[in-house]
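Summary of the model geometry
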Amino acid sequence: MDNSQNISYQAGQAKGQAQEKGNHMMEKADNAAQSTKETMQEAGQQMKAKAQGAADAVKNATGMNK
């Protein structure tokens, strides 16, 4: 293998490694986004339940829940 072929081979290797690293980083970002989405959905459900509980407490306290 002459020098130019070696350089081309090394460039191809570097390109492949960069693409693989980029794919890995995108996968990590996607996983982080999915985790954040799930956490926010859970927080939203908890807030909704607390708001409903507060509304029911007000209704009970004011006699509107009859």
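Our subject in this report is the structure included herewith. (Residues numbered from 1 in each chain as written. Predicted model: local features only at pLDDT ≥ 70, side-chain atom pairs only at ≥ 80, totals over all residues. Heavy atoms only, no water.)

Examining the overall build of the protein chain
Where we set the bar: Put simply, DSSP marks the helices as runs of H or I at least four residues long and the strands as runs of E at least two long, and each gets a number from the N terminus on. The quantity called the radius of gyration is restricted to C-alpha atoms. Its globule counterpart is 2.2 Å times the number of residues to the power 0.38. Three exposure classes are used, based on accessible area relative to the maximum for each residue type with a 1.4 Å probe and protein chains only: buried under 20%, partly exposed in between, and exposed over 50%. The Shrake-Rupley method, run with a 1.4 Å probe, gives the accessible areas here. Residue values count only the displayed protein chains as cover. Only four residue types enter the charge count: Lys and Arg as positive, Asp and Glu as negative, with His and the chain ends excluded. In this description, the location of a charge corresponds to atom NZ of lysine, CZ of arginine, CG of aspartate or CD of glutamate.
Each helix and strand in the protein chain was counted, giving one helix and zero strands. A globule of 66 residues ought to have a C-alpha radius of gyration of about 11 Å, yet the protein chain, at 28 Å, is considerably larger. Taken over 66 residues, the protein chain has a buried fraction of 0%. Carbon and sulfur atoms make up 55% of the accessible area of the protein chain, which totals about 6,000 Å². Mean positive and mean negative side-chain charge positions of the protein chain (8 and 7 charges, respectively) differ by 14 Å.

As for helix α1 (residues 3-62)
Owing to its 3.6 residues per turn, the α-helix aligns residues three or four sequence positions apart on the same side. For clarity, the cut-off: Given the number of residues in a helix, its expected span is that number minus one, multiplied by 1.5 Å.
Its 60 residues give α1 an end-to-end C-alpha distance of 88 Å, which sits within 8% of 88 Å, the value for a rise of 1.5 Å per residue. Where α1 terminates, the next one or two residues include glycine 63, which has phi positive at roughly 75°.

Overview of the environment of alanine 51
Structurally, alanine 51 is set in helix α1. Using a relative accessible area of 47% as the deciding quantity, one classes alanine 51 as partly exposed. It is 15 Å that separates the C-alpha atoms of alanine 51 and glutamine 41, two residues lying ten residues apart in sequence.

What about the environment of alanine 29?
Its location among the elements puts alanine 29 in helix α1. Classification of alanine 29 by relative accessible area gives partly exposed; the value is 43%. Placed 24 residues apart in sequence, alanine 29 and glutamine 5 show a C-alpha to C-alpha distance of 36 Å.

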